[in-house]
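Listed below, chain by chain, are the residues.
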Amino acid sequence: MRIVLLGAPGSGKGTQAKLLIEKRRVPHISTGDMLRAAVASGTRFGLKAKSIMEAGNLVPDDVMLGIIAERLAQPDAADGFILDGFPRTRQQAMDLEELLDQLGAPLDAAILMDVDFDILMKRLTGRRTCSATGKLLNVYFSPKAELEACKAAGGELLQRDDDNEETIARRLDVYRENTEPVVEYYRKRGKLRVVDAEGTVDAVSDRLKEALG
Ligand code: AMP
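Everything in this summary refers to the structure shown in the same document. (Residues numbered from 1 in each chain as written. Predicted model: local features only at pLDDT ≥ 70, side-chain atom pairs only at ≥ 80, totals over all residues. Heavy atoms only, no water.)

The next point concerns helix α4 (residues 61-72). With 12 residues, α4 extends 16 Å between its outermost C-alpha atoms, agreeing within 8% with the 16 Å of an ideal straight helix rising 1.5 Å per residue. By the burial criterion, the buried members of α4 are Met 64, Ile 67, Ile 68, Arg 71 and Leu 72. The buried side chains of α4 occupy one side of the element, clustering within an arc of 120° when seen end-on. Summarising the geometry of α4, the exposed residues directed more than 90 degrees from the buried face are Asp 62 and Glu 70. For α4, the secondary structure elements touched by its buried residues are β2 (28-30), α2 (31-41), α3 (44-54), β3 (81-84) and α5 (90-103). (Helix = DSSP H or I, 4+ residues; strand = E, 2+ residues; numbered from the N terminus. Expected span 1.5 Å × (residues − 1). Buried < 20%, exposed > 50% of the residue type's maximum accessible area, 1.4 Å probe, protein only. Arc of directions from axis to C-beta. Contact = heavy atoms within 4.5 Å.)

This is the structure in structure tokens:
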């Protein structure tokens, strides 16, 4: 299975990718997670990425191509992958197509996680990660028991640096401007499948599995 998960920030790509890989032996490749790891490592590149991400802007396409080419060349991606957060621009989509052509491993599908813009704001401002368990939670939507379980495990509910209102607004603008054309790119090539990504995590997961067949 070689798929791309598309969707605005907060559409649930990361959550659903984590559920998908429980059953399929392919890696979940999140460029956002890779960049956050680079930021945490404190390298010169990490420092540059940090300021771009905190502003809600995109890391340049040529840098992203280098990162993704290196990652897809690793052995665990040979039998497939779930890409989350890449491609985010038309150029990245073209770069990915060329890369996969060279590997003789074309994409099976691009899945659009479709969510109304109003709902995205609440999902993003409420989003937290439990420092003890790594579980993704939401202060507005997660059951109280799950939020309390994090504290009981000695964890804290951490908010991403770029999940503040100002940066969120910018990230949603960037999505409209740069990533919506990627949706059209895959639609034209007959690869696009749209999943209604509103509702509970389980309901969305069922719809996603159906779309994947
Ligand atoms: P995410 O976790 O996917 O929401 O990504 C967080 C941030 O990382 C984005 O707002 C961008 O600043 C950066 N980023 C992640 N993936 C990409 C990409 N494919 N191209 C450019 N920037 C990216």
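Below, the discussion takes up the sheet that holds β2. Strand order in the open sheet formed by 5 strands is β2-β3-β1-β4-β8, and the pairing between neighbours is parallel. The outermost strands of the open sheet, each flanked by one partner alone, are β2 and β8 (192-196). Direction aside, the axes of adjacent strands within the sheet are offset by 25° on average. Where strand β1 (residues 2-6) and strand β4 (residues 109-114) come together, 4 bridges link them in parallel fashion. Across the sheet, the residue bridging to Leu 5 is Ile 111, located in β4. Sitting on the sheet, helix α8 (residues 165-188) is in contact with β1, β4 and β8, with an inclination near 140° to β1. (Pairing = 2+ DSSP bridges. Axes fitted to C-alpha atoms, helices over the stretch in contact; angles between N-to-C directions.)

Attention shifts here to the state of the cysteines. Applying the stated criterion across every chain yields a total of 1 disulfide. For Cys 130, the disulfide goes to Cys 150, at an S-S distance of 2.2 Å. Because the sign of the S-S torsion sets the handedness, a value of about 90° for the bond joining Cys 130 and Cys 150 places this disulfide among the right-handed ones. One end of the pair, Cys 130, is in strand β5 (residues 127-130); the other, Cys 150, is in helix α7 (residues 144-152), with 20 residues separating them in the sequence. For Cys 130, a relative accessible area of 1% translates into the label buried. For Cys 150, a relative accessible area of 2% translates into the label buried. (Disulfide = S-S within 2.5 Å.)

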